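# Structural characterization, general
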Amino acid sequence: MVKIAVAGGTGNIAGEIIEALLSKNRHQVDYKDKASLTNALRGVHTVLSFIVVVLDPGSVAQKNLIDASIEAGVKRFAPSEWGSSNVTAVPWYVEKETVREYLREVNRERKVLEYCLFQCGIFSNNLATPHKTAKHLVPIMLPFDFQNRRAIVLEGRNDIDSVTFTKVQDVANIVAEAIDYEGEWPVVGGIRGNNLTVGQVLALGEKIRGKPFAVETLTLEDIESGNINTSWYPVLEHPSIPKEEIESFSKMALGGTLIGIAKAAYTIPTDEWNKLLPSYKFADIEEFLYEAWAGKP
(Lines give C-alpha, C1' and ligand atoms only; values in the text may rest on other atoms or scores of the structure.)
Protein backbone atom coordinates (compact mmCIF):
# COMPACT_ATOMS: atom_id res chain seq x y z
CA MET A 1 0.00 0.00 0.00
CA VAL A 2 1.50 3.34 -1.06
CA LYS A 3 1.17 6.69 0.67
CA ILE A 4 -0.44 9.51 -1.29
CA ALA A 5 -0.91 13.25 -0.79
CA VAL A 6 -3.81 15.36 -2.06
CA ALA A 7 -3.26 19.10 -2.68
CA GLY A 8 -6.13 21.55 -2.99
CA GLY A 9 -8.70 18.84 -2.37
CA THR A 10 -11.66 20.67 -0.85
CA GLY A 11 -14.66 19.61 -2.92
CA ASN A 12 -16.18 18.48 -6.20
CA ILE A 13 -14.00 15.97 -8.10
CA ALA A 14 -11.42 16.08 -5.31
CA GLY A 15 -14.01 14.96 -2.78
CA GLU A 16 -15.13 12.05 -4.93
CA ILE A 17 -11.57 10.84 -5.51
CA ILE A 18 -10.55 11.33 -1.89
CA GLU A 19 -13.48 9.20 -0.77
CA ALA A 20 -12.53 6.46 -3.21
CA LEU A 21 -8.97 6.57 -1.91
CA LEU A 22 -9.98 6.63 1.74
CA SER A 23 -12.01 3.51 1.12
CA LYS A 24 -8.63 1.93 0.40
CA ASN A 25 -7.09 3.39 3.58
CA ARG A 26 -5.28 6.34 1.96
CA HIS A 27 -5.13 9.83 3.42
CA GLN A 28 -4.48 13.43 2.32
CA VAL A 29 -2.00 16.06 3.44
CA ASP A 30 -2.12 19.86 3.28
CA TYR A 31 0.59 22.06 1.79
CA LYS A 32 1.82 25.62 2.38
CA ASP A 33 5.21 26.94 1.27
CA LYS A 34 7.73 24.88 -0.70
CA ALA A 35 10.01 24.08 2.23
CA SER A 36 7.27 22.87 4.55
CA LEU A 37 5.60 21.07 1.68
CA THR A 38 8.81 19.22 0.86
CA ASN A 39 9.04 18.01 4.45
CA ALA A 40 5.38 16.98 4.41
CA LEU A 41 5.87 15.01 1.20
CA ARG A 42 8.84 12.94 2.33
CA GLY A 43 7.86 9.30 2.15
CA VAL A 44 4.88 10.05 -0.11
CA HIS A 45 4.61 7.91 -3.24
CA THR A 46 1.91 9.76 -5.23
CA VAL A 47 0.65 13.37 -5.24
CA LEU A 48 -2.73 14.31 -6.69
CA SER A 49 -3.33 18.01 -7.34
CA PHE A 50 -6.79 19.62 -7.39
CA ILE A 51 -5.62 23.22 -7.18
CA VAL A 52 -8.13 25.52 -8.90
CA VAL A 53 -6.02 26.87 -11.75
CA VAL A 54 -7.87 30.19 -12.15
CA LEU A 55 -6.95 30.95 -8.53
CA ASP A 56 -3.27 30.14 -9.15
CA PRO A 57 -1.91 32.86 -11.50
CA GLY A 58 1.33 31.76 -13.08
CA SER A 59 0.72 28.29 -11.61
CA VAL A 60 2.98 29.23 -8.69
CA ALA A 61 1.33 26.81 -6.27
CA GLN A 62 1.47 23.86 -8.66
CA LYS A 63 5.07 24.59 -9.65
CA ASN A 64 5.98 24.66 -5.95
CA LEU A 65 4.13 21.39 -5.51
CA ILE A 66 6.05 19.83 -8.40
CA ASP A 67 9.40 21.11 -7.10
CA ALA A 68 8.63 19.87 -3.59
CA SER A 69 7.55 16.49 -4.94
CA ILE A 70 10.84 16.08 -6.81
CA GLU A 71 12.93 17.18 -3.83
CA ALA A 72 11.00 14.89 -1.49
CA GLY A 73 11.47 11.89 -3.77
CA VAL A 74 7.80 11.49 -4.76
CA LYS A 75 7.45 8.90 -7.53
CA ARG A 76 4.16 9.95 -9.20
CA PHE A 77 2.35 13.24 -9.73
CA ALA A 78 -1.08 14.08 -11.18
CA PRO A 79 -1.50 17.79 -11.97
CA SER A 80 -4.85 19.53 -11.68
CA GLU A 81 -6.42 18.38 -14.96
CA TRP A 82 -9.63 16.32 -14.52
CA GLY A 83 -11.42 17.51 -17.64
CA SER A 84 -10.32 19.01 -20.93
CA SER A 85 -7.83 17.57 -23.41
CA ASN A 86 -7.28 20.80 -25.41
CA VAL A 87 -6.84 23.21 -22.50
CA THR A 88 -5.69 26.13 -24.66
CA ALA A 89 -9.19 26.25 -26.21
CA VAL A 90 -10.83 27.12 -22.88
CA PRO A 91 -9.88 30.47 -21.31
CA TRP A 92 -10.16 29.35 -17.69
CA TYR A 93 -7.93 26.31 -18.34
CA VAL A 94 -4.90 28.05 -19.87
CA GLU A 95 -2.84 27.67 -16.68
CA LYS A 96 -3.10 23.92 -17.12
CA GLU A 97 -0.89 24.27 -20.20
CA THR A 98 1.62 26.19 -18.08
CA VAL A 99 1.82 23.22 -15.73
CA ARG A 100 2.06 20.74 -18.61
CA GLU A 101 5.01 22.65 -20.04
CA TYR A 102 6.66 22.82 -16.60
CA LEU A 103 6.37 19.06 -16.20
CA ARG A 104 7.86 18.53 -19.64
CA GLU A 105 10.71 20.88 -18.76
CA VAL A 106 11.66 19.28 -15.43
CA ASN A 107 11.76 15.90 -17.15
CA ARG A 108 13.55 17.11 -20.30
CA GLU A 109 17.05 15.79 -19.58
CA ARG A 110 15.96 12.78 -17.55
CA LYS A 111 12.78 11.60 -15.92
CA VAL A 112 12.71 12.93 -12.37
CA LEU A 113 8.95 12.68 -11.80
CA GLU A 114 6.46 10.27 -13.35
CA TYR A 115 3.20 12.07 -14.10
CA CYS A 116 -0.17 11.59 -15.74
CA LEU A 117 -2.69 14.05 -17.16
CA PHE A 118 -6.01 12.51 -16.11
CA GLN A 119 -8.58 13.69 -18.69
CA CYS A 120 -12.25 12.70 -18.68
CA GLY A 121 -14.26 15.33 -20.56
CA ILE A 122 -17.44 16.62 -18.89
CA PHE A 123 -18.99 14.82 -15.95
CA SER A 124 -22.19 13.01 -16.99
CA ASN A 125 -23.61 14.00 -13.61
CA ASN A 126 -23.98 17.58 -14.84
CA LEU A 127 -26.69 16.48 -17.27
CA ALA A 128 -28.80 15.72 -14.20
CA THR A 129 -28.55 19.31 -12.89
CA PRO A 130 -30.05 20.56 -10.58
CA HIS A 131 -30.29 17.10 -9.02
CA LYS A 132 -27.26 15.89 -7.12
CA THR A 133 -26.07 12.47 -8.24
CA ALA A 134 -22.76 12.31 -6.37
CA LYS A 135 -21.88 12.90 -2.75
CA HIS A 136 -19.38 15.73 -3.28
CA LEU A 137 -19.74 17.00 -6.85
CA VAL A 138 -21.63 20.29 -7.08
CA PRO A 139 -23.90 20.05 -10.17
CA ILE A 140 -22.99 22.58 -12.87
CA MET A 141 -25.55 23.80 -15.37
CA LEU A 142 -24.58 23.14 -18.99
CA PRO A 143 -25.85 24.56 -22.30
CA PHE A 144 -27.81 21.30 -22.39
CA ASP A 145 -30.53 21.96 -19.81
CA PHE A 146 -32.40 18.70 -19.27
CA GLN A 147 -34.41 20.18 -16.38
CA ASN A 148 -36.10 22.81 -18.55
CA ARG A 149 -35.86 20.89 -21.84
CA ARG A 150 -33.78 23.49 -23.64
CA ALA A 151 -30.31 23.95 -25.08
CA ILE A 152 -27.95 26.49 -26.60
CA VAL A 153 -25.71 25.18 -29.39
CA LEU A 154 -23.51 26.46 -32.19
CA GLU A 155 -25.33 26.85 -35.46
CA GLY A 156 -24.86 24.02 -37.95
CA ARG A 157 -22.50 21.93 -35.81
CA ASN A 158 -24.78 19.35 -34.17
CA ASP A 159 -23.30 16.49 -36.20
CA ILE A 160 -19.75 17.86 -36.22
CA ASP A 161 -18.90 18.55 -32.60
CA SER A 162 -18.75 15.89 -29.91
CA VAL A 163 -18.32 15.70 -26.14
CA THR A 164 -16.96 12.96 -23.88
CA PHE A 165 -19.21 12.45 -20.86
CA THR A 166 -17.83 10.41 -17.96
CA LYS A 167 -19.54 9.82 -14.64
CA VAL A 168 -17.56 11.37 -11.79
CA GLN A 169 -17.76 8.14 -9.78
CA ASP A 170 -16.07 6.34 -12.67
CA VAL A 171 -13.26 8.90 -12.70
CA ALA A 172 -12.78 8.51 -8.95
CA ASN A 173 -12.68 4.73 -9.19
CA ILE A 174 -10.21 4.78 -12.08
CA VAL A 175 -7.87 7.11 -10.20
CA ALA A 176 -8.07 4.87 -7.13
CA GLU A 177 -7.14 1.89 -9.33
CA ALA A 178 -4.37 3.90 -11.00
CA ILE A 179 -2.72 4.43 -7.61
CA ASP A 180 -2.17 0.68 -7.38
CA TYR A 181 -1.23 0.24 -11.05
CA GLU A 182 2.20 -1.37 -11.13
CA GLY A 183 3.22 -0.24 -14.60
CA GLU A 184 4.39 3.22 -15.62
CA TRP A 185 1.68 5.87 -15.79
CA PRO A 186 0.94 7.19 -19.28
CA VAL A 187 1.66 10.90 -19.67
CA VAL A 188 -1.75 11.43 -21.26
CA GLY A 189 -4.32 9.48 -19.28
CA GLY A 190 -7.62 9.49 -21.12
CA ILE A 191 -10.65 8.25 -19.17
CA ARG A 192 -13.46 7.89 -21.66
CA GLY A 193 -17.00 7.12 -20.61
CA ASN A 194 -19.34 7.99 -23.50
CA ASN A 195 -18.66 10.02 -26.65
CA LEU A 196 -21.73 11.81 -28.05
CA THR A 197 -22.19 14.37 -30.79
CA VAL A 198 -24.11 17.49 -29.82
CA GLY A 199 -27.03 16.16 -31.85
CA GLN A 200 -26.95 12.88 -29.92
CA VAL A 201 -26.98 14.78 -26.62
CA LEU A 202 -30.12 16.64 -27.71
CA ALA A 203 -31.79 13.45 -28.94
CA LEU A 204 -30.96 11.68 -25.68
CA GLY A 205 -32.35 14.57 -23.66
CA GLU A 206 -35.60 14.55 -25.61
CA LYS A 207 -35.88 10.79 -25.25
CA ILE A 208 -35.31 10.82 -21.51
CA ARG A 209 -37.36 13.94 -20.77
CA GLY A 210 -40.20 12.95 -23.10
CA LYS A 211 -40.59 16.22 -25.01
CA PRO A 212 -38.72 18.20 -27.70
CA PHE A 213 -36.07 20.66 -26.51
CA ALA A 214 -36.28 24.36 -27.27
CA VAL A 215 -32.95 24.86 -29.02
CA GLU A 216 -31.36 28.28 -29.52
CA THR A 217 -28.31 28.77 -31.70
CA LEU A 218 -25.29 31.05 -31.71
CA THR A 219 -22.52 31.48 -34.24
CA LEU A 220 -18.82 31.71 -33.50
CA GLU A 221 -19.03 35.29 -34.72
CA ASP A 222 -21.77 36.02 -32.16
CA ILE A 223 -19.58 34.75 -29.35
CA GLU A 224 -16.40 36.45 -30.51
CA SER A 225 -18.24 39.78 -30.76
CA GLY A 226 -19.91 39.32 -27.38
CA ASN A 227 -23.34 39.22 -29.03
CA ILE A 228 -24.90 36.50 -26.88
CA ASN A 229 -28.59 37.37 -27.07
CA THR A 230 -30.14 34.12 -25.92
CA SER A 231 -33.25 34.03 -23.76
CA TRP A 232 -31.32 32.25 -21.00
CA TYR A 233 -27.80 31.19 -20.07
CA PRO A 234 -26.45 28.49 -17.74
CA VAL A 235 -25.87 29.97 -14.30
CA LEU A 236 -22.62 28.57 -12.95
CA GLU A 237 -22.44 28.28 -9.19
CA HIS A 238 -19.10 26.78 -8.21
CA PRO A 239 -17.06 26.96 -5.00
CA SER A 240 -14.26 28.74 -6.87
CA ILE A 241 -16.51 31.55 -8.22
CA PRO A 242 -17.30 34.52 -5.90
CA LYS A 243 -21.05 35.16 -5.71
CA GLU A 244 -20.74 38.71 -7.04
CA GLU A 245 -19.02 37.38 -10.17
CA ILE A 246 -21.41 34.53 -10.98
CA GLU A 247 -23.45 36.41 -13.60
CA SER A 248 -20.52 37.80 -15.58
CA PHE A 249 -18.59 34.56 -15.35
CA SER A 250 -21.64 32.53 -16.41
CA LYS A 251 -22.12 34.56 -19.59
CA MET A 252 -18.42 34.34 -20.39
CA ALA A 253 -18.46 30.62 -19.65
CA LEU A 254 -21.34 29.95 -22.05
CA GLY A 255 -19.37 31.34 -24.97
CA GLY A 256 -16.17 29.68 -23.79
CA THR A 257 -17.86 26.31 -23.40
CA LEU A 258 -19.41 26.42 -26.87
CA ILE A 259 -16.10 27.43 -28.44
CA GLY A 260 -14.39 24.72 -26.41
CA ILE A 261 -16.81 22.12 -27.72
CA ALA A 262 -16.16 23.33 -31.29
CA LYS A 263 -12.41 23.00 -30.71
CA ALA A 264 -12.76 19.47 -29.26
CA ALA A 265 -11.65 20.62 -25.80
CA TYR A 266 -14.12 18.24 -24.16
CA THR A 267 -13.56 15.32 -26.49
CA ILE A 268 -11.10 12.81 -25.08
CA PRO A 269 -9.32 11.42 -28.15
CA THR A 270 -7.53 8.57 -26.42
CA ASP A 271 -8.61 6.12 -23.73
CA GLU A 272 -5.38 5.04 -22.07
CA TRP A 273 -6.92 4.11 -18.72
CA ASN A 274 -9.80 2.25 -20.37
CA LYS A 275 -7.18 0.05 -22.04
CA LEU A 276 -4.93 -0.29 -18.99
CA LEU A 277 -7.88 -1.28 -16.77
CA PRO A 278 -10.00 -3.32 -19.21
CA SER A 279 -12.05 -5.09 -16.54
CA TYR A 280 -13.56 -1.82 -15.31
CA LYS A 281 -17.12 -1.25 -16.52
CA PHE A 282 -18.03 2.37 -17.13
CA ALA A 283 -21.55 3.65 -16.53
CA ASP A 284 -23.74 3.83 -19.61
CA ILE A 285 -24.89 7.44 -19.96
CA GLU A 286 -28.41 6.59 -21.07
CA GLU A 287 -28.98 4.17 -18.20
CA PHE A 288 -27.51 6.66 -15.73
CA LEU A 289 -29.66 9.56 -16.92
CA TYR A 290 -32.86 7.51 -17.05
CA GLU A 291 -32.24 6.63 -13.41
CA ALA A 292 -31.30 10.20 -12.50
CA TRP A 293 -34.45 11.67 -14.07
CA ALA A 294 -36.88 8.92 -13.09
CA GLY A 295 -39.94 10.47 -11.43
CA LYS A 296 -38.61 14.01 -11.83
CA PRO A 297 -40.99 16.68 -13.18
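A brief look at the structure comes next.

What counts and what doesn't
Residues numbered from 1 in each chain as written. Predicted model: local features only at pLDDT ≥ 70, side-chain atom pairs only at ≥ 80, totals over all residues. Heavy atoms only, no water. Salt bridge = Lys/Arg side-chain N within 4 Å of Asp/Glu carboxyl O. Helix = DSSP H or I, 4+ residues; strand = E, 2+ residues; numbered from the N terminus. Buried < 20%, exposed > 50% of the residue type's maximum accessible area, 1.4 Å probe, protein only. Phe/Tyr/Trp six-rings, centres within 6.5 Å; stacked < 30°, edge-to-face > 60°. Arc of directions from axis to C-beta. Contact = heavy atoms within 4.5 Å. Polar contact = N/O pair within 3.5 Å; in protein donor to acceptor, adjacent residues only side chain to side chain.

### Some words on the pattern of salt bridges
- As enumerated under the stated definition, the model contains 16 salt bridges in all.
- A salt bridge links Asp 67 to Lys 34; its shortest N-O distance comes to 3.2 Å. Of the two residues, Asp 67 sits in helix α3 (residues 60–72) while Lys 34 sits in helix α2 (residues 34–41), which places them 33 residues apart along the sequence.
- Among the salt bridges present, the one from Lys 275 reaches Asp 271, with a minimum N-O distance of 2.2 Å.
- Judged by relative accessible area, which is 59%, Lys 275 ranks as exposed.

### Details of the packing of aromatic side chains
- Following the criterion strictly, the structure yields ten aromatic pairs and no others.
- Their ring planes at 15° and their centres at 4.8 Å tell us that Phe 50 and Trp 82 sit as a pair that is stacked. Of the two residues, Phe 50 sits in the loop between β2 (46–49) and α3 while Trp 82 sits in the loop between β3 (76–78) and α4 (94–106), which places them 32 residues apart along the sequence. Here Phe 50 matches Trp 82 in class, with each residue buried.
- When the ring of Phe 118 is compared with that of Trp 273, the centres are 5.7 Å apart and the planes differ by 10°; the resulting orientation is stacked.

### Examining helix α10 (residues 285–293)
- Taken as a whole, α10 has its buried residues at Ile 285, Phe 288, Leu 289, Ala 292 and Trp 293. Considered in projection along α10, the buried side chains sweep an arc of 115° and stay on one side of the axis. Residues of α10 that are exposed and point more than 90 degrees away from the buried face comprise Glu 287 and Glu 291.
- Taken together, the buried residues of α10 touch β9 (162–166), β11 (194–197) and α6 (198–209).
- Among the residues of α10, the N-terminal cap falls to Asp 284, whose side-chain oxygen and the backbone nitrogen of Glu 286 are separated by 3.2 Å.

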